[in-house]
Amino acid sequence: MGCGSSKRTKRVPGYEDPNVLAAETPFTVSEVEALYELFMKLSNSIVADGLIHKEEFQLALFRNKNQRNLFADRVFDLFDIKRNGVIEFGEFVRSLGVFHPNAPVADKIAFAFRLYDLRQTGFIERDELKEMVSALLHESDLVLSEDVVETIVDKTFSEADTQGDGRIDPEEWKTFVSKYPSLIKNMTLPYLKDISLAFPSFVVRTEVEDSDLSVGFDGD
């Protein structure tokens, strides 16, 4: 009927050809087109401008545009590749591509590293890890004492920081994650192989278990 192509004649800012995006991501052309419908739904949920603003992203992930969370902020920042405060269609597809089951594991490990590297120094420092662990616990509705959180962070650093310099570099992170693959379990969304118009929820409360937060040390 041609209604799909007529929709795309009103190209939104940052629109990219599905064929190009399919060539650069694990998605097929038809999956990219389905993601476009999803993108349009999200990007017009609060501000009808064809761009996903942080409040719209927050609403999609947590059903609450006013609930600020470090995890959601970090994911938004990484999706916002151009760093202009909004997520465009191409950024949306490329970033979601990392979560596809067929995406290279190396890409997932790198994305997770950048998630924890809050100050973008190229290293994960102790206070950054603690901030993210606390945010993940908060979003997962898990209540652990300060002492337990400190133990998680201490054990992570004692094993991951092999150079003993008080920070985790990308190679140390890669080695650590290969030993504890559950750390990037929520970096894979199986249902991206079968895209629907329901937002692919990778909210930690549905993906992260207590054992994941204890970074594999529950058997000590």
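Residue indices begin from 1 for each chain and proceed along its sequence in written order. Reporting in this predicted model follows two pLDDT cut-offs: at least 70 for local features of residues, and 80 or more for side-chain atom pairs to be given and counted; totals over whole chains, interfaces and linings ignore these cut-offs and use all residues. Side-chain figures throughout are based on the complete set of non-hydrogen atoms in the structure, without hydrogens or water.

Naming follows an unreviewed UniProt entry, where the chain appears as Calcineurin B-like protein of Hibiscus trionum. UniProt positions are given in the numbering used here, feature names are shortened, and annotations may be inferred rather than shown by experiment. Turning to the chain, the UniProt annotation filed under Subunit (unreviewed entry) states: "Homodimer. Interacts with CIPK."

Enquirer: Please explain the overall build of the chain as it appears in this structure.
Expert: A run of H or I in DSSP becomes a helix once it reaches four residues, and a run of E becomes a strand once it reaches two; helices and strands are each numbered from the N terminus. A count of helices and strands for the chain gives twelve helices and four strands. Residue exposure (1.4 Å probe, protein chains only): buried if accessible area is under 20% of the type maximum, exposed if over 50%, otherwise partly exposed. Looking at the chain as a whole, 47% of its 220 residues are labelled buried. A total accessible area of about 10,700 Å² is found for the chain, and carbon and sulfur atoms account for 53% of it. Computed with a 1.4 Å probe, the accessible areas rest on the Shrake-Rupley method; for each residue, only the protein chains presented here act as cover.

Enquirer: Even after reading the chapter, I still don't get the pattern of salt bridges, so can you show me in this structure?
Expert: Oppositely charged side chains may form a pair once their charged atoms are brought near each other. Should a side-chain nitrogen of Lys or Arg be within 4 Å of a carboxyl oxygen of Asp or Glu, the pair is scored as a salt bridge. Counted according to the given criterion, the structure contains 15 salt bridges. Residue Glu150 is joined to Arg126 by a salt bridge in which the shortest nitrogen-to-oxygen separation is 2.5 Å. Here the residue Glu150 occupies a position in helix H9 (residues 146-160), and Arg126 occupies one in helix H8 (residues 126-139), the gap between them amounting to 24 residues. The exposure class of Glu150 is partly exposed, given its relative accessible area of 21%. Two residues, Glu159 and Lys179, come together in a salt bridge whose shortest N-O distance is 2.5 Å. Separated by 20 residues along the polypeptide, Glu159 in helix H9 and Lys179 in helix H10 (residues 170-179) bring together distant segments of the chain. Assessed through its relative accessible area of 55%, Lys179 is described here as exposed.

Enquirer: Please clarify how the packing of helix H5 (residues 70-79) against helix H7 (residues 105-116) should be interpreted in this entry.
Expert: Geometrically, a packed helix pair is captured by the angle between its two axes and the distance between the axes. Close contact between H5 and H7 brings their axes to 9 Å; oriented N to C, the two are set at 125°. Taken together, the axes of H5 and H7 are oblique relative to one another. The two elements H5 and H7 cross, and the hand of that crossing is right-handed. Taking contact as the criterion, the partners of Phe71, Arg74, Val75, Leu78 and Phe79 in H5 are, on H7, Phe111, Arg114 and Leu115. Any residue outside Ala, Val, Leu, Ile, Met, Phe, Trp, Tyr, Cys, Pro, Asp, Glu, Lys and Arg is labelled polar, Gly included; the first ten of those are nonpolar and the last four are charged. In terms of residue class, the contact of H5 with H7 is built from six nonpolar, no polar and two charged. Think of each axis as a best-fit line through the C-alpha atoms, taken over the contacting stretch in the case of a helix, with angles from 0 to 180 degrees between the N-to-C directions. In what follows, roughly perpendicular refers to angles from 65 to 115 degrees, roughly parallel to angles under 35, roughly antiparallel to angles over 145, and oblique to any angle outside these ranges. Crossing handedness is defined as follows: a turn of the near helix away from the far one that is anticlockwise and smaller than a right angle gives a left-handed crossing, while the clockwise case is right-handed. Between two residues, a contact is recorded if the distance between any of their heavy atoms is within 4.5 Å.

Enquirer: Help me out: how do you make sense of the UniProt feature "domain: EF-hand" (unreviewed entry) in the chain in this one?
Expert: The residues that UniProt annotates with the feature "domain: EF-hand" (unreviewed entry) are residues 67-102, 104-139 and 148-183. Taken end to end, residues 104-139 is 72% helix and 6% strand, and its first and last C-alpha atoms sit 27 Å apart. For residues 148-183, the end-to-end C-alpha separation is 18 Å, with 64% helix and 6% strand making up the annotated structure.

Enquirer: Help me understand the environment of Leu118 in this model?
Expert: Checked against the element boundaries, Leu118 lands in the loop between H7 and strand S3 (124-125). Taking the relative accessible area as the measure of exposure, Leu118 reaches 13% and is therefore buried. For the pair Leu118 and Arg74, spaced 44 residues apart in the sequence, the C-alpha separation amounts to 7.5 Å. Apart from residues no more than four positions distant in its own chain, Leu118 is found in contact with Leu70, Arg74, Glu128, Glu131 and Met132.

Enquirer: Could you clarify how one ought to interpret helix H3 (residues 29-43) in this entry?
Expert: An α-helix turns once per 3.6 residues; consequently, residues spaced three or four apart project the same way. Taking 1.5 Å per residue, 15 residues should reach 21 Å; H3 reaches 20 Å between its end C-alpha atoms and fits that length. Where H3 is concerned, the buried positions are Glu31, Val32, Leu35, Tyr36, Leu38, Phe39, Leu42 and Ser43. Each helix should span, by expectation, one fewer than its residue count multiplied by 1.5 Å.

Enquirer: I tried to follow H8 on my own but got confused; where do I start?
Expert: For H8, built from 14 residues, the straight-helix expectation of 20 Å at 1.5 Å per residue is met to within 8% by its first-to-last C-alpha distance of 20 Å. Those residues of H8 that fall on the buried side of the exposure criterion are Glu128, Leu129, Met132, Val133, Ala135, Leu136, Leu137 and Glu139. Where H8 terminates, the next one or two residues include Asp141, which has phi positive at roughly 60°.

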